[in-house]
2 protein chains.
Amino acid sequence: MSERKGLIIVHTGNGKGKTTAALGLALRALGCGFRVAMIQFIKGKWKYGERESAPRIGLDLIPMGQGFTWDSKDIEVDKAMMRAAWEECKARTHSGNYDLLIFDEINYVLGYGYLPIEEVVEFLKGKPPSVHVVLTGRNAKPEIIELADLVTEMKEIKHPFKQGIKAQRGIEF
Amino acid sequence: MSERKGLIIVHTGNGKGKTTAALGLALRALGCGFRVAMIQFIKGKWKYGERESAPRIGLDLIPMGQGFTWDSKDIEVDKAMMRAAWEECKARTHSGNYDLLIFDEINYVLGYGYLPIEEVVEFLKGKPPSVHVVLTGRNAKPEIIELADLVTEMKEIKHPFKQGIKAQRGIEF
């Protein structure tokens with residue numbers, strides 16, 4: 001019936017704007033009547049601003065990875081946390097409740113081997129055809145780039161912290 | 001009183017996500033209680049989705065450049081249109097009504113010489129210190145990069161059109 005082809009979109013690179021552009025994409029998609037969820041792999045990556053704005057536009061923000069720190073003493077606890085976030089992604093994608101899902105910082109998590117890349121690739125290949133998926137995070141794996149329809153690298157050219165300017169509320173948090 | 005330092009932020013490069021990341025930034029800033037306006041230099045660059053969502057979060061979208069085509073027979077008409085958009089940017093920035101202003105596609109316009117770069121640089125140097133400004137568009141001028149606090153290049157790695165996939169509603173328009 002539908003001509004919709006669910007895209008696999010990747011935002012990667014060392015610059016700012018990976019999650020921010022995914023939020024902009026959510027804003028646009030919601031304006032078109034899409035149902036959108038954003039699943040957070042890493043605690044603390046989301047800012048006050050988006051948490052306040054999300055309900056106003058009907059964006060489902062699903063925080064996972066609470067307490068994940070990267071310097072945990074117990075790597076198995078962290079792996080279990082990433083596994084739980086991934087199971088959440090899979091369940092939401094197949095729920096029929098969403099047109100667009102954002103797996104926020106999953107590239108980062110895959111880069112550190114917290115989830116098996118083969119499993120994520122297989123899942124993406126078998127996802128419902130009309131569902132769009134956005135994968136954000138630096139160091140996207142070649143397997144993910146290969147599979148994706150649209151890949152953008154956000155590259156840092158200049159950063160205010162390096163010029164001694166403090167992080168600004170409303171912009172960076 | 002305030003410790004706020006209004007940043008000059010640039011989103012440039014040949015990839016997607018320049019305007020989209022600015023929209024995400026607007027979403028975050030509005031969630032923090034900022035007042036945000038986005039001024040459009042080029043007609044048709046905005047999509048249905050953001051026009052529908054903007055009022056829900058209180059984002060002022062100001063369309064200028066109506067009828068601007070890049071292949072106009074009368075370059076003076078186009079220049080006058082870009083001048084009007086620029087005057088709108090200046091007036092809004094100094095109005096005291098906004099904390100964050102997005103000059104959408106201004107880099108593109110500057111790149112083609114439709115506005116004098118010196119004038120834009122002088123204006124940015126003299127802007128109200130607490131006001132944040134985002135300049136989007138490919139081919140940002142070196143003078144703008146030099147002045148900016150935060151510069152991100154959105155680089156195209158892979159694009160669906162080149163693989164024969166049609167533009168998708170809700171994602172690309």
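About the cut-offs
Residues numbered from 1 in each chain as written. Chains lettered and ligands numbered in written order. Predicted model: local features only at pLDDT ≥ 70, side-chain atom pairs only at ≥ 80, totals over all residues. Heavy atoms only, no water. Contact = heavy atoms within 4.5 Å. Buried area = accessible area lost by both parts, 1.4 Å probe. Salt bridge = Lys/Arg side-chain N within 4 Å of Asp/Glu carboxyl O. Polar contact = N/O pair within 3.5 Å; in protein donor to acceptor, adjacent residues only side chain to side chain. Helix = DSSP H or I, 4+ residues; strand = E, 2+ residues; numbered from the N terminus. Least-squares fit on C-alpha atoms with pLDDT ≥ 70 in both. pLDDT = per-residue confidence, 0-100. Axes fitted to C-alpha atoms, helices over the stretch in contact; angles between N-to-C directions. Parallel < 35°, antiparallel > 145°, perpendicular 65-115°, else oblique. Nonpolar A, V, L, I, M, F, W, Y, C, P; charged D, E, K, R; others polar. Buried < 20%, exposed > 50% of the residue type's maximum accessible area, 1.4 Å probe, protein only.

Things to note about the interface of chain A and chain B
- Facing the 54 residues of chain A at the interface are 54 residues of chain B.
- Interface area lost by chain A to chain B is led by A:Arg28, A:Lys158 and A:Ile171, which between them contribute 16%.
- At the surface where chain A touches chain B, the tally comes to 2 salt bridges.
- A:Glu50 is the partner of B:Arg28 in a salt bridge, and the nearest nitrogen-oxygen pair spans 2.5 Å.
- At the surface where chain A touches chain B, the tally comes to 24 residue pairs in polar contact (both at pLDDT 80 or more).
- For the side of chain A that touches chain B, the elements supplying multiple residues, two or more each, are α1 (18-31), α2 (48-57), α6 (142-147) and β6 (150-158) of chain A.

Structural notes on the relation of the copies chain A and chain B
- After a rotation of 180° and a shift along the axis of 0.0 Å, chain A superposes on chain B with an RMSD of 0.0 Å. Given the turn and translation reported, the copies of this chain are related as if by a two-fold rotation axis.
- A share of 100% of interface residues in chain A that are also interface residues in chain B marks the association as one of identical surfaces.

As for the confidence of the model for chain A
- On average, chain A scores 90 in pLDDT, and the residues at 70 or more come to 92%.
- Interface confidence for the predicted complex, given as ipTM, is 0.88, next to a pTM of 0.91.

Quick notes on the packing of helix α3 (residues 75-94) of chain B against helix α5 (residues 117-125) of chain B
Residue and element names in this part refer to chain B.
- Between α3 and α5, the shortest axis-to-axis distance is 12 Å and the interhelical angle comes to 10°. Regarding the angle of α3 to α5, the classification is roughly parallel. The residues of α5 that touch α3, namely those facing Arg83, Trp86, Glu87, Lys90, Thr93 and His94, are Glu119, Val120 and Phe123.
- Class assignment for the residues of the contact of α3 with α5 results in 3 nonpolar, 2 polar and 4 charged.

Some points on the pattern of salt bridges
- Summed over the entire model, instances satisfying the criterion amount to 19 salt bridges over all chains.
- Between B:Arg4 and B:Asp99 there is a salt bridge whose closest N-O contact spans 3.1 Å. Residue B:Arg4 is located in the segment before β1 (8-12), and its partner B:Asp99 is located in the loop between α3 and β4 (100-104); the two are separated by 95 residues in the primary sequence.
- Owing to a relative accessible area of 23%, B:Arg4 belongs among the partly exposed residues under this scheme.
- Shared partners join several salt bridges into a network, and the residues in it are A:Arg83, A:Glu87, A:Lys90 and A:Glu119.

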